[in-house]
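Single-letter residue listing:
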Amino acid sequence: MKDMEIAVLTFRLRAPWVHSLKEKRMIVKSIIAKVQNQFHVSVSEIDEQDIHQIIVIGVAAIVPHNAMADSLMDEISSFVEKNTDAEILDEIREIR
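If you're wondering where the values come from, they're calculated on a predicted model, not measured in any experiment.

(A) Geometry of the pairing of strand E1 (residues 5-14). Where E1 meets strand E3 (residues 54-63), 10 bridges bridge the pair, whose relative direction is antiparallel. The residue bridging Arg 14 from the neighbouring strand is Ile 54, located in E3.

Listed below in structure tokens is the structure:
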């Protein structure tokens, strides 16, 4: 059986201009759709759903080895930074 790794990224973003959960939901849906369409990975809002200006998104992908996990996480991180006006407060990377 071939080995595989799971690349996991968690982004914590701040969007200070958001004043309602409806506005936040539109931003979250946009980020999730863009990342899924570009990288074909699993993406979801995973925490802080009731706080207007904080967005926490988790990304997971199955990859064949650590080098690919690192490369994919670098690409996703750059993509998120370029495709949202929200400030990235924190980024956590794991390979499981």
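(B) Spatial organisation of the sheet that holds strand E2 (residues 42-47). Sheet architecture is open: four strands sit in the order E2-E3-E1-E4, paired in antiparallel fashion. Of all strands in the sheet, those with a lone pairing partner are E2 and strand E4 (87-95), marking the two edges. With strand direction ignored, the average angle separating the axes of adjacent strands in the sheet is 20°. Contacts between helix H1 (residues 21-39) and the sheet are confined to E1, E2 and E3, with E2 contributing the most and set at about 150° to the helix. On top of the sheet, helix H2 (residues 66-82) reaches E1, E3 and E4; it is set at about 170° to E4, its chief contact.

(C) Local environment of unusual backbone geometry. Positive phi, close to 55°, is recorded for His 40, a residue that is not glycine. By secondary structure assignment, the location of His 40 is in the loop between H1 and E2. For Glu 48, which is not glycine, the phi dihedral falls at a positive 55°. Mapped onto the fold, Glu 48 is located in the loop between E2 and E3.

(D) Broad picture of a nonpolar patch on the surface. Together, Met 4, Ile 6 and Ile 62 line one region of the surface with nonpolar side chains, adding up to about 310 Å² of accessible area. Along the chain, Ile 62 falls in strand E3. Among the residues examined, Ile 62 registers a relative accessible area of 62% and is labelled exposed.

(E) Summary view of the packing of H1 against H2. Two numbers describe how H1 lies on H2: the axes approach to 11 Å, and their chain directions differ by 140°. As far as their axial angle goes, H2 and H1 are oblique. Where H1 crosses over H2, the handedness of that crossing is right-handed. For the pair H1 and H2, the contacting residues are Lys 34, Val 35, Gln 38 and Phe 39 in the first and Leu 72, Glu 75, Ile 76, Phe 79 and Val 80 in the second.

(F) The side chain of Thr 10, seen in detail. When you line up the elements, Thr 10 lands in strand E1. Take Thr 10: its relative accessible area is 18%, and that puts it in the buried class. Aside from chain neighbours lying at most four places away, what touches Thr 10 is Ile 46, Val 56, Ile 57, Gly 58, Asp 90, Glu 91 and Ile 92.

Rules of the game
- Residues numbered from 1 in each chain as written.
- Predicted model: local features only at pLDDT ≥ 70, side-chain atom pairs only at ≥ 80, totals over all residues.
- Heavy atoms only, no water.
- Pairing = 2+ DSSP bridges.
- Helix = DSSP H or I, 4+ residues; strand = E, 2+ residues; numbered from the N terminus.
- Axes fitted to C-alpha atoms, helices over the stretch in contact; angles between N-to-C directions.
- Contact = heavy atoms within 4.5 Å.
- Patch = residues over 30% accessible without salt bridge, like charges linked within 9 Å, V, L, I, M, F, W, Y side chains within 5 Å.
- Areas by Shrake-Rupley, 256 points an atom, 1.4 Å probe, with all protein chains shown as cover.
- Salt bridge = Lys/Arg side-chain N within 4 Å of Asp/Glu carboxyl O.
- Buried < 20%, exposed > 50% of the residue type's maximum accessible area, 1.4 Å probe, protein only.
- Parallel < 35°, antiparallel > 145°, perpendicular 65-115°, else oblique.
- Left-handed = near helix turned anticlockwise from the far one by under 90°.

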